[in-house]
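Residue-level listing of the chains:
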2 protein chains.
Amino acid sequence: MSFNYEKNVHTEPGAEVAIFEAYLRERGLKLTQARRDLLNVIFSDHGHFTADDLYDRCRRAGLRVSKATLYRTLIILIDCKLLVDHDFGQDAKYFEHCYGHRHHDHMVCLACRGITEFRSEELERLQDHAAIELGFAPVRHSTTVFGVCAGCASGERGRQVLEEARRAVASSEAAVENQA
Amino acid sequence: MSFNYEKNVHTEPGAEVAIFEAYLRERGLKLTQARRDLLNVIFSDHGHFTADDLYDRCRRAGLRVSKATLYRTLIILIDCKLLVDHDFGQDAKYFEHCYGHRHHDHMVCLACRGITEFRSEELERLQDHAAIELGFAPVRHSTTVFGVCAGCASGERGRQVLEEARRAVASSEAAVENQA
DNA sequence: GTCCATGCAAATGCTTTGCACGTAT
DNA sequence: ATACGTGCAAAGCATTTGCATGGAC
């Protein structure tokens, strides 16, 4: 069993620009300043961000981009596989750039909302296996573990979340017992 | 390795009513006709539904409930663990009642949008294990496999989805190569 | 010069809320 | 009688879109 906490090392800066340019050219789309700026800001840091986070990062960098253009550009970047979006069941979608990064899964801390990436080959295999066994042709999958991260486990909010979870498990087990 | 396609057998009809009533009483909330109706409709069939699906089912059954009350009731049912919500990355949330049902994962067909449940003990263990190994206290997890179901694999839309996926994999592998 | 892209504001679509009236306890 | 619940319509929010102007090619 091997886990693999992948550091966000971006090994060949600039490659994403080439890919983006090629994609745009290929479809008669234009490489504008707004698109260049957004690509730069997105690739200047590998983290998980919402559309709003990105908007703020742009403004802080002194770049003026409208939300409309921002959303339109996100769609293009997802289309050319430079970006993926995740739905962690919160209000807004999360994005992360993925060029040169293998698929990975996420852990979301219920206390601090922090996101940690992990990867398990075993998990990957099992999910495909499960799908195939049910006559399903797997295309992609998404696994998210919600819990409390090491940093939060001893804090107020962390304890609170864990306590609440313990109570929930107890009552749901009782329910399953009743049904059996 | 054992998978387990759980049939949606509701073994003890009525138990959910008792739980709901107890929950309401305990907090000084009232058991109204609207709440009774919604609970009935929801438990009359174990499927995955959106708020809108539920609204339609109510109307078809000749019951008048407003969307507002419907949403307010869904919140209560989630709170008392009779219902869970899933976010499959589409516009609206999906709900399913869960009393007496163990946790399970989902496969979503990208062609027909159909949802199949499955459960793998191995997968459950692995996810917890992965979390713990990273100092994370797991509370719950969510795994969704997206792909094409057996029924759709030979159809127009199914083939299309699979072909598109093949192309995507090819280009992303090329990207990872470049980075290495 | 031709399209495509941009910004703005208005529109969407799901979900939530304020309010005056109705009803379970 | 006293909350709490309900429906309606309006508000919220993230995201999308129509349109006139601006910019890449």
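Everything that follows concerns the structure shown earlier in this document.
Residues numbered from 1 in each chain as written. Chains lettered and ligands numbered in written order. Predicted model: local features only at pLDDT ≥ 70, side-chain atom pairs only at ≥ 80, totals over all residues. Heavy atoms only, no water.

Trainee: Sorry, what's going on with the packing of helix 2 (residues 33-43) of chain A against helix 4 (residues 67-79) of chain A here?
Mentor: How two helices sit against one another is set out by the angle between their axes and by the gap between those axes. Residue and element names in this part refer to chain A. Where helix 2 contacts helix 4, the two axes come as close as 10 Å, and the packing angle between them is 70°. With respect to helix 4, the element helix 2 is oriented roughly perpendicular. Relative to helix 4, the crossing made by helix 2 is right-handed. Here Ala34, Arg35, Leu38, Leu39 and Ile42 of helix 2 come into contact with helix 4, specifically with Thr69, Leu70, Thr73, Leu74, Ile76 and Leu77. By residue class, the composition of the contact of helix 2 with helix 4 is eight nonpolar, two polar and one charged. (Axes fitted to C-alpha atoms, helices over the stretch in contact; angles between N-to-C directions. Helix = DSSP H or I, 4+ residues; strand = E, 2+ residues; numbered from the N terminus. Parallel < 35°, antiparallel > 145°, perpendicular 65-115°, else oblique. Left-handed = near helix turned anticlockwise from the far one by under 90°. Contact = heavy atoms within 4.5 Å. Nonpolar A, V, L, I, M, F, W, Y, C, P; charged D, E, K, R; others polar.)

Trainee: Mind showing me how you'd approach the sheet that holds strand 5 (residues 137-148) of chain B here?
Mentor: Pairing is mixed across the open sheet formed by six strands, whose spatial order is 4(A)-3(A)-5(A)-5(B)-3(B)-4(B). At either end of the open sheet lies a strand with only one pairing partner, and these are strand 4 (115-118) of chain A together with strand 4 (115-118) of chain B. The average undirected angle you get between the axes of adjacent strands in this sheet is 25°. Here strand 3 (residues 105-109) of chain A pairs with strand 4 of chain A via four bridges, running antiparallel. By the bridge assignment, A:Met107 is partnered in strand 4 of chain A with A:Thr116. Of the strands in this sheet, strand 3, strand 4 and strand 5 (137-148) of chain A together with strand 3 (105-109), strand 4 and strand 5 of chain B are in contact with helix 5 (residues 121-133) of chain A, which crosses strand 5 of chain A at around 130°. (Pairing = 2+ DSSP bridges.)

Trainee: I would appreciate a short explanation of the protein's contact with DNA strand D in the present structure.
Mentor: Close to DNA strand D lie 20 residues; A:Tyr71, B:Thr32, B:Arg35, B:Ser66 and B:Thr69 are nearest. When the atoms of DNA strand D within 4 Å of the protein are grouped by moiety, sugar and phosphate amount to 67% of the total. In the model, a base nitrogen of DNA strand D is placed 2.9 Å from a nitrogen or oxygen of the A:Lys30 side chain. Put simply, the parts of the chain that give the surface near DNA strand D at least two residues each are helix 4 of chain A together with helix 2 (33-43) and helix 4 (67-79) of chain B. Looking at the surface near DNA strand D, its residues break down into nine nonpolar, four polar and seven charged. (Near = heavy atom within 4 Å. Polar contact = N/O pair within 3.5 Å; in protein donor to acceptor, adjacent residues only side chain to side chain.)

Trainee: Would you mind showing me how to read the nonpolar core here?
Mentor: Among soluble globular proteins, nonpolar side chains are generally buried collectively. Counting 40 residues, the largest nonpolar core has A:Met107, A:Phe136, B:Met107 and B:Phe136 as the members making the most contacts within it. Counting residues per element, the ones that place at least two in this core are strand 3, helix 5, strand 5 and helix 6 (156-179) of chain A together with strand 3, helix 5 (121-133), strand 5 and helix 6 (156-179) of chain B. (Core = buried A, V, L, I, M, F, W, Y, C linked by side-chain atoms within 4.5 Å. Buried < 20%, exposed > 50% of the residue type's maximum accessible area, 1.4 Å probe, protein only.)

Trainee: I tried to follow the packing of helix 3 (residues 51-60) of chain B against helix 4 of chain B on my own but got confused; where do I start?
Mentor: Residues and elements named next belong to chain B. For the pair helix 3 and helix 4, interaxial distance at closest approach is 11 Å and the crossing angle is 120°. It follows that helix 3 is oblique to helix 4 by the angle criterion. By crossing handedness, the relation of helix 3 to helix 4 is classed as right-handed. Along the contact surface, helix 3 presents Ala51, Asp52, Leu54 and Tyr55, while helix 4 presents Lys67, Leu70, Tyr71 and Leu74. Here the residues of the contact of helix 3 with helix 4 sort into six nonpolar, no polar and two charged.

Trainee: Is there a simple way to think about the pattern of salt bridges in this case?
Mentor: Pairing between side chains becomes possible if they bear opposite charge and their charged atoms approach one another. All names here are of chain A. Scanning the entire structure with this criterion turns up 16 salt bridges over all chains. Lys93 is paired through a salt bridge with Asp85; the nearest N and O atoms lie 3.5 Å apart. Given the relative accessible area of 38%, Lys93 is considered partly exposed. Of the residues examined, Asp85 reaches a relative accessible area of 32% and is grouped as partly exposed. Residue Arg167 pairs with Glu163 through a salt bridge whose shortest N-O separation is 3.6 Å. Residue Arg167 and its partner Glu163 are both found in helix 6; the two are separated by four residues, about one turn of the helix. Judged by its relative accessible area of 52%, Arg167 is exposed. Judged by its relative accessible area of 33%, Glu163 falls in the partly exposed class. Several salt bridges converge on common partners, so that one network encompasses Arg102, Arg119 and Glu121. (Salt bridge = Lys/Arg side-chain N within 4 Å of Asp/Glu carboxyl O.)

Trainee: Looking at this structure, how should I read the protein's contact with DNA strand C?
Mentor: Taken together, 19 residues lie around DNA strand C, and A:Lys30, A:Thr32, A:Arg35, A:Thr69 and B:Tyr71 are the ones closest in. Taking A:Ser66, its side chain carries an N or O atom lying 2.8 Å from a phosphate oxygen of DNA strand C. Between a base nitrogen of DNA strand C and a side-chain N or O atom of A:Arg72, the distance comes to 2.9 Å. Elements with a minimum of two residues in the surface near DNA strand C: helix 2 and helix 4 of chain A together with helix 4 of chain B. Here the residues of the surface near DNA strand C sort into eight nonpolar, four polar and seven charged.

Trainee: Sorry, what's going on with the packing of aromatic side chains here?
Mentor: One pair of aromatic rings is described through two measures. These are the centre distance and the angle between the planes. Residues and elements named next belong to chain B. Here the structure, examined in full by the defined rule, presents four aromatic pairs over all chains. A centroid spacing of 5.7 Å and a plane angle of 45° characterise the contact between Phe88 and Tyr94, whose relative ring orientation is tilted. Accessibility expressed as a relative area gives 14% for Tyr94, which makes it buried. Across the ring face of Phe49, the terminal group of Arg57 is positioned such that the distance to the ring centre comes to 5.9 Å. For the cation-ring pair, Lys67 lies above Tyr55, with the distance from its terminal atom to the ring centre recorded as 4.7 Å. (Phe/Tyr/Trp six-rings, centres within 6.5 Å; stacked < 30°, edge-to-face > 60°. Lys NZ or Arg CZ within 6 Å of the ring centre and 35° of its normal.)

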